[in-house]
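Structural characterization, general
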Amino acid sequence: MHNTATMLIELGAIILALGLLGRLAGRVGFSPIPLYLLAGLAFGHGGILTLQASEEFIAVGAEIGVILLLLMLGLEYSASELVTNLRTQYPSGAVDFVLNAVPGAVAAFILGWGPVAAVALAGVTWISSSGVIAKVLGDLRRLGNRETPVVLGVLVIEDLAMAVYLPILTAVLAGAGLAGGSVTLLIALGTVGAVLYLALRHGRLISRAVSSDNAEMLLLVVLGLTLLVAGLAQELQVSAAVGAFLVGIALSGEVAEGASSLLTPLRDLFAAVFFVFFGLSTDPADIPPVLVPALLLALVTALTKIATGWYAARRAGISGAGRWRAGGTLVARGEFSIVIAGLAVGVEPRIGPLATAYVLILVVVGPLTARWTEPLARKLTGRAKTPAGTERAAPEPAKV
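1. Points about the overall build of the chain
Scanning the chain from terminus to terminus reveals 15 helices and 0 strands. The buried share of the chain, reckoned over its 400 residues, is 48%. Taking the contacts inside the chain whose residues are at least 6 apart along the sequence as the reference set, 83% of them involve residues at least 24 apart. Here the chain has roughly 18,400 Å² of accessible surface; of this, 68% comes from carbon and sulfur atoms.

Right under this line is the structure:
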């Protein structure tokens with residue numbers, strides 16, 4: 001009974017603190033992710049106050065948080081949107097991978113961490129934060145800008161690439177050899193292909209089977225199906241997160257919209273728990289030694305993301321100002337960098353502190369580069385400001 005009471009007190013204090021931190025972040029206009037990470041650092045091993053009774057519960061909540069993050073991401077896109085983006089944006093996706101994954105891999109080798117850490121750190125530096133970027137675009141009122149579909153297209157390619165990258169990372173971390181890793185990759189590619197095919201051909205039937213006018217039934221069916229598929233995916237070494245992402249893609253129309261609105265509060269709660277758990281598992285004393293590498297890596301990959309957005313917008317025929325805005329918007333890293341680092345810390349513990357410092361830097365810098373990259377580039381190049389309205393698209397808003 002005493003342990004139960006202690007756990008309830010700790011959980012209540014954590015959730016209340018997360019709510020207050022989230023409100024503070026909203027007032028300041030920043031993402032709450034860095035505050036959640038700092039809260040985890042404060043209450044983890046080596047922090048101000050170490051949690052005892054609730055740590056195991058928080059670990060389970062963190063795993064659910066990752067699954068819900070990827071499910072909600074899948075619900076944002078239909079299979080046809082993913083296929084269209086893949087066809088039109090794959091050159092930008094390839095440039096994004098080379099410019100942003102390579103610095104992470106190189107940094108791991110320079111630090112002497114070896115090939116397994118290189119695969120993980122490449123993912124940490126590669127993937128931008130869809131959540132932070134979507135919020136920034138809304139805050140800056142750029143949802144109707146001509147460059148915004150280009151930014152979203154790059155994010156979609158990254159999200160789809162996660163369905164291939166995560167199984168590879170899982171196999172590498174599990175110590176699978178070339179044959180084992182190849183089998184895992186083939187299973188992952190086959191699963192992604194099959195789900196996209198079923199969603200394109202029979203998406204309405206799948207959605208109809210899941211659909212319910214009763215909000216409670218819809219929530220239970222979607223959540224239960226997601227956890228079941230995520231568990232089966234993990235058994236197949238494909239990654240629970242990918243399984244959840246594929247469930248989201250398979251659902252479309254009103255079912256996806258209804259499930260998204262019902263699951264958003266759950267996603268926000270468990271995602272916050274996940275960030276806290278990641279902070280809990282990182283010793284604050286391990287961060288100062290990796291602060292300089294994290295700063296250098298953040299600087300390099302902020303510049304490479306700006307170059308990625310500039311290239312992608314140029315391919316789409318966007319003018320100079322829009323190219324710089326697209327580049328600055330893509331800088332923020334966040335939830336997926338932490339997800340990848342969270343998978344890798346069991347094999348290479350040093351990735352945790354570096355990823356924490358790296359994300360803390362770029363989740364704060366990202367909204368600033370989104371706002372100031374274009375004015376700074378204009379000032380440096382001496383070009384006149386683009387007339388108002390010329391960077392706007394047709395009235396139809398871009399989907400976030």
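Continuing now.
2. Concerning unusual backbone geometry
Leaving glycine aside, a negative phi is the common case for residues, and trans is the common case for peptide bonds. One non-glycine residue, R141, lies in positive phi territory at about 55°. What makes R141 exposed here is its relative accessible area of 68%.

3. Notes on a nonpolar patch on the surface
On the surface, F97, V98, V102, V106 and I110 cluster together into a nonpolar patch covering about 460 Å² of accessible area. In this fold, I110 is placed in helix α4 (residues 79-110). Here I110 falls in the exposed class, since its relative accessible area comes to 68%.

4. Details of the pattern of salt bridges
Taken as a whole and judged by the stated rule, the model has 7 salt bridges. Two residues, E348 and R350, come together in a salt bridge whose shortest N-O distance is 2.8 Å. A relative accessible area of 10% means that E348 is categorised as buried. Given the relative accessible area of 40%, R350 is considered partly exposed. When salt bridges with common partners are traced through the structure, they connect E147, R325, E374 and R378 into a single cluster.

5. What to know about the packing of aromatic side chains
Overall, the coordinates contain 3 aromatic pairs when judged by the stated rule. Judged by centre distance (5.9 Å) and plane angle (90°), the rings of W126 and Y165 are edge-to-face. Pair noted here: W126 is in helix α5 (residues 114-126) and Y165 is in helix α7 (residues 148-173), with a separation of 39 residues, a long-range link. What makes Y165 buried here is its relative accessible area of 9%. Members of the aromatic cluster, each reached through a chain of ring pairs, are F97, W126 and Y165. Over the ring of W310 we find R323, and its NZ or CZ is 5.1 Å from the ring centre.

6. Points about helix α13 (residues 320-329)
Most of α13 sits inside the fold, with 7 of its 10 residues counted as buried. Three or more residues of α13 are buried, namely A321, G322, R325, A326, G327, G328 and T329.

7. Considerations on the layout of surface pockets
Roughly 500 Å³ of internal volume is contained in the second largest pocket. Lining the second largest pocket we find 20 residues, and of these E63, V66, V339, G342 and L343 sit closest to its centre. Those elements giving two or more residues to the lining of the second largest pocket turn out to be α3 (55-75), α7, α10 (240-250), α11 (253-280) and α14 (335-344). The biggest single contributor to the lining of the second largest pocket is α3, with 5 residues. Considered class by class, the residues forming the lining of the second largest pocket number 13 nonpolar, 6 polar and 1 charged.

8. Regarding the side chain of D96
Mapped onto the elements, D96 comes out in helix α4. At a separation of 2.8 Å, a polar atom in the side chain of D96 contacts the side chain of K305. Contact partners of D96, with chain neighbours within four places excluded, come to A101, W126, V154, E158, K305 and T308.

Calculation criteria
Residues numbered from 1 in each chain as written. Predicted model: local features only at pLDDT ≥ 70, side-chain atom pairs only at ≥ 80, totals over all residues. Heavy atoms only, no water. Helix = DSSP H or I, 4+ residues; strand = E, 2+ residues; numbered from the N terminus. Buried < 20%, exposed > 50% of the residue type's maximum accessible area, 1.4 Å probe, protein only. Contact = heavy atoms within 4.5 Å. Areas by Shrake-Rupley, 256 points an atom, 1.4 Å probe, with all protein chains shown as cover. Patch = residues over 30% accessible without salt bridge, like charges linked within 9 Å, V, L, I, M, F, W, Y side chains within 5 Å. Salt bridge = Lys/Arg side-chain N within 4 Å of Asp/Glu carboxyl O. Phe/Tyr/Trp six-rings, centres within 6.5 Å; stacked < 30°, edge-to-face > 60°. Lys NZ or Arg CZ within 6 Å of the ring centre and 35° of its normal. 1 Å grid on protein atoms, 1.4 Å probe; cavity = no way out; pocket = protein on both sides within 12 Å on 5 of 7 lines; lining within 4 Å. Points joined across faces, edges and corners; volume = space filled by probe spheres on them. Nonpolar A, V, L, I, M, F, W, Y, C, P; charged D, E, K, R; others polar. Polar contact = N/O pair within 3.5 Å; in protein donor to acceptor, adjacent residues only side chain to side chain.

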